[in-house]
Amino acid sequence: MESISSLLQEHRIFNPSKEFSQNANIGSMESYASMRQIANLDPLTHWNEQANKIHWFSKWETILDWKYPHAQWFKEGYTNAAFNCLDIHKNTPTMQKTALLWEREDGLRQSLTYEELHSKVCLLANALKSIGIVKGNVITIYMGMNPEAIIAMLACARIGAVHNVVFGGFSSDALRDRINDSSSVCIITQNATLRRGASIPLLTSVEQAVKECPTVQSIICKDAINIESPLIQDWDTILLNQNDICEAEHLESEHPLFFLYTSGSTGKPKGLVHTTGGYLTHVRYSFEMVFDPKPNDIYFCSADIGWITGHSYVVYGPLMHGMTILIYEGALNHPHPGRIWELIASYGATILYTAPTAIRSFMGVGNHIPEQYALDSLRLLGTVGEPINPEAWMWYHEVIGKSRCPIVDTWWQTETGGIMIAPVPGAVPTKPGTATLPLPGILADVIKKNGESCQENEGGYLTITYPWPGMARTIFGDGERYKSVYWSEFPPNELHQGMYFTGDGARKDEDGYFWIMGRVDDVVNVSGHRLGTAEIESALVSHPAIAEAAVVARPDEIKGNVLIAFVTVIQQKDMDLSTLENELKQHVAKEIGALAKPEEIRFTSSLPKTRSGKIMRRLLRELVSHGTISGDTTTLEDFSALEQLRPDEE
Ligand code: WTA
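Residues numbered from 1 in each chain as written. Predicted model: local features only at pLDDT ≥ 70, side-chain atom pairs only at ≥ 80, totals over all residues. Heavy atoms only, no water.

A.B. asks: Hey, could you run me through the site of the ligand in this one?
C.D. replies: Inspection of the region around the ligand gives 17 residues, with Asp409, Thr410, Thr414, Arg519 and Arg530 positioned closest. Within the side chain of Asp409, a nitrogen or oxygen atom sits 2.7 Å from a nitrogen atom of the ligand. A distance of 2.9 Å separates an oxygen atom of the ligand from a polar side-chain atom of Gln413. Mapped by element, the contributors of at least two residues to the shell around the ligand are helix H11 (308-320), strand S20 (407-410) and strand S25 (514-519). Within the shell around the ligand, the residues separate by chemical class into 6 nonpolar, 6 polar and 5 charged. (Near = heavy atom within 4 Å. Polar contact = N/O pair within 3.5 Å; in protein donor to acceptor, adjacent residues only side chain to side chain. Helix = DSSP H or I, 4+ residues; strand = E, 2+ residues; numbered from the N terminus. Nonpolar A, V, L, I, M, F, W, Y, C, P; charged D, E, K, R; others polar.)

A.B. asks: What should I look at first to understand the sheet that holds strand S5 (residues 109-113) in this one?
C.D. replies: Within a sheet, neighbouring strands are paired by backbone hydrogen bonds and run either parallel or antiparallel to one another. The sheet built from 7 strands is open, its strands ordered S5-S4-S17-S16-S18-S19-S20 with mixed pairing. Two strands in the sheet have a free side with no partner beyond their single neighbour: S5 and S20. Put simply, the sheet's adjacent strands are angled 15° from each other on average, direction ignored. Across 4 bridges, strand S18 (residues 351-354) lies against strand S19 (residues 380-384) in parallel orientation. (Pairing = 2+ DSSP bridges. Axes fitted to C-alpha atoms, helices over the stretch in contact; angles between N-to-C directions.)

A.B. asks: How do you make sense of the nonpolar core when you look at a structure like this?
C.D. replies: Most often, soluble globular proteins have nonpolar side chains that are buried together. Ranked by internal contacts, the top residues of the largest apolar core, which has 120 residues, are Leu124, Leu128, Ile188, Phe291 and Tyr316. If one sorts the elements of this core by residue count, helix H6 (residues 147-159) sits on top with 10 residues. The residues that make up this core include at least three from each of domain 1 (5-447) and domain 2 (460-513). The residues contacting Tyr316, other than those within four sequence positions of it, are Ala81, Cys85, Met153, Leu154, Ala157, His163, Leu257, Tyr279, Leu280, Val283 and His311. Counting residues in hydrophobic clusters, the runner-up holds 42 residues, among them Cys221, Ile232, Ala549 and Ile592. (Core = buried A, V, L, I, M, F, W, Y, C linked by side-chain atoms within 4.5 Å. Buried < 20%, exposed > 50% of the residue type's maximum accessible area, 1.4 Å probe, protein only. Domains from an automatic or database assignment. Contact = heavy atoms within 4.5 Å.)

A.B. asks: Mind showing me how you'd approach the packing of helix H3 (residues 43-51) against helix H10 (residues 277-291) here?
C.D. replies: Describing two packed helices takes the angle between their axes plus the distance from one axis to the other. Interhelical geometry of H3 versus H10 gives an angle of 90° and a closest axis separation of 9 Å. By the angle class used here, H3 and H10 are roughly perpendicular. Touching His46, Trp47, Gln50 and Ala51 of H3 are Thr281, Arg284 and Tyr285, all from H10. Among the residues forming the contact of H3 with H10, the class breakdown is 3 nonpolar, 3 polar and 1 charged. (Parallel < 35°, antiparallel > 145°, perpendicular 65-115°, else oblique.)

A.B. asks: Would you mind going over the sheet that holds S25 with me for this structure?
C.D. replies: With antiparallel pairing, the 4 strands of this open sheet are ordered in space as S21-S22-S24-S25. One side of each edge strand has no neighbouring strand; the edge strands of this open sheet are strand S21 (444-447) and S25. The sheet shows a mean angle of 45° between the axes of neighbouring strands, direction not considered. Looking at chain direction, S21 and strand S22 (residues 460-464) are connected through 4 bridges and run antiparallel.

A.B. asks: Explain the pattern of salt bridges here, please?
C.D. replies: Any two side chains of opposite charge can pair, given that their charged atoms come close. Following the criterion strictly, the structure yields 36 salt bridges and no others. Asp87 is the partner of Lys90 in a salt bridge, and the nearest nitrogen-oxygen pair spans 3.9 Å. The buried category is assigned to Asp87, whose relative accessible area is 9%. Residue Lys590 is joined to Asp173 by a salt bridge in which the shortest nitrogen-to-oxygen separation is 2.9 Å. (Salt bridge = Lys/Arg side-chain N within 4 Å of Asp/Glu carboxyl O.)

Okay, structure coming up:
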């Protein structure tokens with residue numbers, strides 16, 4: 001990759017305010033730098049100290065057992081994630097504090113104290129046991145963003161069942177594949193969730209999916225109506241006769257806590273496996289460093305629990321810190337464009353953690369919308385999921401944070417389990433557009449293809465050069481793929497023990513700050529959702545009219561990227577292309593979910609390929625971004641294909 005011209009560099013620097021620093025856990029660059037130096041010189045001692053801050057039934061002997069590419073952290077220790085979120089608060093004032101504040105799009109609300117949450121988790125955990133669920137069973141959770149979804153996760157964790165949350169926006173086909181790949185024996189769902197005023201029938205999708213899921217033995221459904229299938233049990237009914245005392249299972253540190261499917265550069269989604277002790281250690285630590293929690297915080301993270309952010313920073317991180325968590329079921333700009341700001345004002349939220357896509361879309365509707373609401377309760381703002389452009393950063397800073405609140409731009413991935421690169425808000429000065437520095441104890445670098453570190457401001461591959469406790473342990477059922485995708489680019493040599501390849505491009509500036517430049521593989525970020533182009537291509541070619549498909553991203557002001565699909569059709573007489581275009585979009589929505597629908601479909605008689613037959617996606621990317629092709633096209637088999645791919649001249 002080329003080095004970036006110095007003209008592109010950001011010169012605005014924002015120091016933490018005195019007021020914020022004075023009350024912060026780490027309140028100066030000096031104390032931060034010394035912590036980072038000590039942690040980075042001896043990461044194992046650092047993580048050992050951090051692991052001691054969670055609860056263990058019995059302690060470990062080995063901090064890290066690293067056998068490339070497999071890590072085991074704190075392996076002889078025994079712990080439990082639900083215990084660390086709930087029981088640790090027993091006999092403290094937190095037990096009577098509000099744990100969850102929930103509001104739905106239509107205004108329905110509920111709140112639960114830690115004590116109430118604890119009791120509900122135990123009821124469901126006992127219910128799961130009563131239907132024969134045992135430690136190690138996998139349970140798929142397919143729900144909207146509500147307390148029951150969180151209760152379901154924690155109930156699984158309590159008894160050592162492995163949760164596999166599937167985002168409620170995925171279609172029944174995508175759900176079926178994730179249930180089957182994970183060999184789930186049980187599904188927890190709800191009748192329907194609300195989004196933009198529409199009722200999304202989740203149970204119907206589950207019923208459709210399980211027709212082809214031989215491992216599923218039971219379905220628990222919140223608000224079930226007219227149950228016909230003997231597989232389905234109503235949530236309230238099954239909880240009715242349960243005891244609300246349920247001992248938390250003592251689980252090995254490396255016992256799997258959850259699977260979470262994510263897109264990769266081939267068609268099949270990967271079920272990343274996260275385990276217990278190391279994950280909890282990393283998530284507890286990173287939450288403390290990045291969000292600087294205070295007892296009176298009202299913490300609002302807008303992520304859905306179907307994504308990793310919902311796991312680590314809606315559920316596990318905040319609950320371990322005894323936070324009051326605000327969750328919202330629905331679209332943040334529905335029923336009116338100021339809904340998110342209304343929520344913040346009415347609950348007095350102090351921390352907001354959201355995605356750049358959301359920020360850009362709020363920015364697009366005009367400042368007069370947020371200006372109608374009192375946002376002075378906010379003290380800290382966060383972003384995650386994709387690079388934030390400096391313009392959106394400045395808007396977030398000025399219009400929402402009133403130039404008072406630090407912004408924590410957090411870089412991490414489903415695979416990393418927790419935040420890796422982010423400013424520690426009381427100490428690290430920020431610059432719009434960079435996630436700044438790796439957290440103390442996290443060793444990251446920008447590397448050239450030959451494995452050498454890049455120079456200052458030279459673009460390269462973002463890598464993590466030393467294991468960390470929250471790392472995914474493997475891809476469920478496919479250890480080979482885990483090794484080849486993440487650990488084969490930079491295998492062990494005389495200088496290091498193997499480096500983790502993130503799939504992102506980045507550069508480090510003169511202050512050592514990391515600027516993330518986006519994916520270097522065929523993974524695309526659309527509205528902060530991660531999608532593999534190969535998955536969408538395979539959905540397109542499964543349509544009977546389509547012979548070949550190539551999907552690429554086009555940068556978009558609001559969504560970050562949109563998807564453009566190039567397809568060749570199997571010739572059929574009298575085919576109406578605009579009808580086919582709509583049909584194909586619906587087909588992708590059915591196969592994967594509405595989030596994966598291409599923005600545009602371009603029909604062509606052939607796709608540009610290399611002599612060895614590979615589709616030249618780079619050319620297609622250039623074509624959709626700039627309308628022209630530059631660079632070397634000498635390996636191209638058929639130039640004429642390019643001509644047909646240009647959009648019609650206006
Ligand atoms: C991108 C989400 C720039 C990146 C937690 C990464 C980011 C992918 C940032 C992971 C950020 C996430 N700045 N890019 N602050 N945060 N990304 O697995 O490309 O859904 O590899 O995890 O999102 O997406 P995932």
